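The lines below spell out each chain.
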Amino acid sequence: MAIEFTKYHGLGNDFILIDNRHQSEPICTQRQAVQMCDRHFGIGADGVIFALPGDGASDYTMRIFNSDGSEPEMCGNGIRCLAKFITELEGKTGTAIAYKINTAAGVICPELLTDGQVKVDMGLPRLLAAEIPTTLSENNLKVIDVPLEVAGQVLSVTCVSMGNPHCITFVDDVASVPLTEIGPLFEHHPAFPERTNTEFIEVVRPDYVKMRVWERGAGITLACGTGACASVVAGVLTQRCDRQVTVELPGGCLQIEWSATDQRLYMTGPAQAVFQGQLTFPINNNQ
């Protein structure tokens, strides 16, 4: 069976996009997604995103399989890529094109701007321990600058959910963080029953931060949209950041606003098509 795909990236966070509008379940299995994401024996990507039909309250549904086969609730860079992909599928051009996308984190609303960037209403952050989820608060309170022991050292962390879990640590020099070693220890820490994404943040100015990320299910990536949003929330909660912040990631910059008016997160950044292709392999949904 041949599968048409388009490769996109958002600040180097790259995805295989598949037109799945003809049925409500992904046409590929999680195991096949792992094969597709392999950077040596497959196409190479951080994840596979499927554009599925909407549910009546939304225009489309987004499903994503990470490069390890797990399925996250949402992906900020991925949804910008999906919005661009949908405009291509629909043959739309111009600006002020907006969609309601159903995700496991709720309905997310991306809008294509005049400069080609995509602005996404990422919704409300979730701050209580049970919403993240984490066991770092026994009384289901907010987890703000709470001590966490990792690799024999005690670090101060703040936890936020953007529909998916994030654990944020502020550091003096983000470039010096041994992300390959410490990232998996955060992801699989017993304090996070559903694992966690992990962001390390260096505050350059209250309106400008540098970020590196270890993504749950994908490892080191060049950018993470939900992580950038969660990190700005953590920066505001700990009085380190303004509500409008440029977040510099290894792949480029995102503009993040945590609105004081409606308390919603707004993320603005690019999404770029890389190439199109056709993949042929046996499709066995039992694999």
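Residues numbered from 1 in each chain as written. Predicted model: local features only at pLDDT ≥ 70, side-chain atom pairs only at ≥ 80, totals over all residues. Heavy atoms only, no water.

Draft legend 1. Representation of the side chain of threonine 238 within the structure. Assignment of secondary structure puts threonine 238 in the loop between α4 (225-237) and β15 (244-249). For threonine 238, a relative accessible area of 13% puts it in the buried group. From its side chain, threonine 238 meets the backbone oxygen of glycine 235 in a polar contact 3.4 Å long. Setting aside residues no more than four positions away along its own chain, threonine 238 makes contact with Ile144, Asp145, Thr158 and Phe170. (Helix = DSSP H or I, 4+ residues; strand = E, 2+ residues; numbered from the N terminus. Buried < 20%, exposed > 50% of the residue type's maximum accessible area, 1.4 Å probe, protein only. Polar contact = N/O pair within 3.5 Å; in protein donor to acceptor, adjacent residues only side chain to side chain. Contact = heavy atoms within 4.5 Å.)

Draft legend 2. How the structure looks around the nonpolar core. Counting 54 residues, the largest nonpolar core has Met62, Leu82, Met122, Val247 and Ile256 as its most contacted members. Per element, the largest residue contribution to this core is seven residues, and it comes from α4. Three or more residues apiece are contributed to this core by two domains, here domain 1 (1-119 + 269-278) and domain 2 (127-262). Once residues lying within four places of it in the same chain are set aside, the contact partners of methionine 122 are Met74, Gly76, Ile108, Met162, Thr226, Cys229, Leu265 and Met267. Counting 19 residues, the second largest nonpolar core, distinct from the first, contains Val143, Val177, Phe192 and Trp214. (Core = buried A, V, L, I, M, F, W, Y, C linked by side-chain atoms within 4.5 Å. Domains from an automatic or database assignment.)

Draft legend 3. Region of interest: the side chain of histidine 189. Considering the arrangement of structural elements, one finds histidine 189 in the loop between α3 (179-187) and β12 (197-205). Beyond its immediate sequence surroundings of up to four residues, histidine 189 is in contact with Leu148, Glu149 and Val150.

Draft legend 4. How the structure looks around the pattern of salt bridges. According to the stated counting rule, one finds 13 salt bridges in the structure shown. Lysine 7 is the salt-bridge partner of aspartate 14, the closest N and O atoms lying 3.4 Å from each other. Exposure remark for lysine 7: the relative accessible area of 9% places this residue in the buried category. A salt bridge links arginine 21 to aspartate 19, with the nearest nitrogen and oxygen atoms 2.8 Å apart. (Salt bridge = Lys/Arg side-chain N within 4 Å of Asp/Glu carboxyl O.)

Draft legend 5. The arrangement of the packing of aromatic side chains in detail. This model, assessed by the stated rule, comprises five aromatic pairs. Centroid distance phenylalanine 5 to phenylalanine 275: 6.0 Å. Interplanar angle 80°. Geometry classified as edge-to-face. Note that phenylalanine 5 is positioned in strand β1 (residues 2-10) and phenylalanine 275 in strand β18 (residues 272-280), a separation of 270 residues in sequence. Under the relative-accessibility criterion, phenylalanine 275 is labelled partly exposed at 36%. Centroid distance tyrosine 60 to tyrosine 99: 6.1 Å. Interplanar angle 70°. Geometry classified as edge-to-face. Linking tyrosine 60 in strand β4 (residues 60-66) with tyrosine 99 in the loop between β5 (97-98) and β6 (101-103), this pair joins segments that are 39 residues apart in sequence. (Phe/Tyr/Trp six-rings, centres within 6.5 Å; stacked < 30°, edge-to-face > 60°.)

Draft legend 6. Here's a closer look at the domain arrangement of the chain. Split by domain assignment, the chain resolves into domain 1 (1-119 + 269-278) and domain 2 (127-262). Here the C-alpha centroids of domain 1 and domain 2 sit 24 Å apart. Where domain 1 abuts domain 2, roughly 1,300 Å² becomes buried across the two surfaces, and 47% of that area is made up of carbon and sulfur atoms. Between the two partners, domain 1 and domain 2, sit two salt bridges. Ionic pairing is found between arginine 195 and aspartate 68, a salt bridge with its closest N-O pair at 3.7 Å. (Buried area = accessible area lost by both parts, 1.4 Å probe.)

Draft legend 7. Spatial organisation of α3. Within the span of α3, buried status applies to Leu179, Ile182, Gly183, Phe186 and Glu187. Taken end-on, α3 shows its buried residues confined to a sector of 140°, consistent with a single buried face. Across α3 from its buried face, at more than 90 degrees, point the exposed residues Thr180 and Glu181. (Arc of directions from axis to C-beta.)

Draft legend 8. Highlighting unusual backbone geometry. In this model, isoleucine 132 is joined to proline 133 through a cis peptide bond whose omega is -10°. The topology assignment puts proline 133 in the loop between β8 (118-123) and β9 (146-150). Of note, asparagine 140 is a non-glycine position whose phi angle comes to about 55°, a positive value. The residue asparagine 140 is located in the loop between β8 and β9 in this model.

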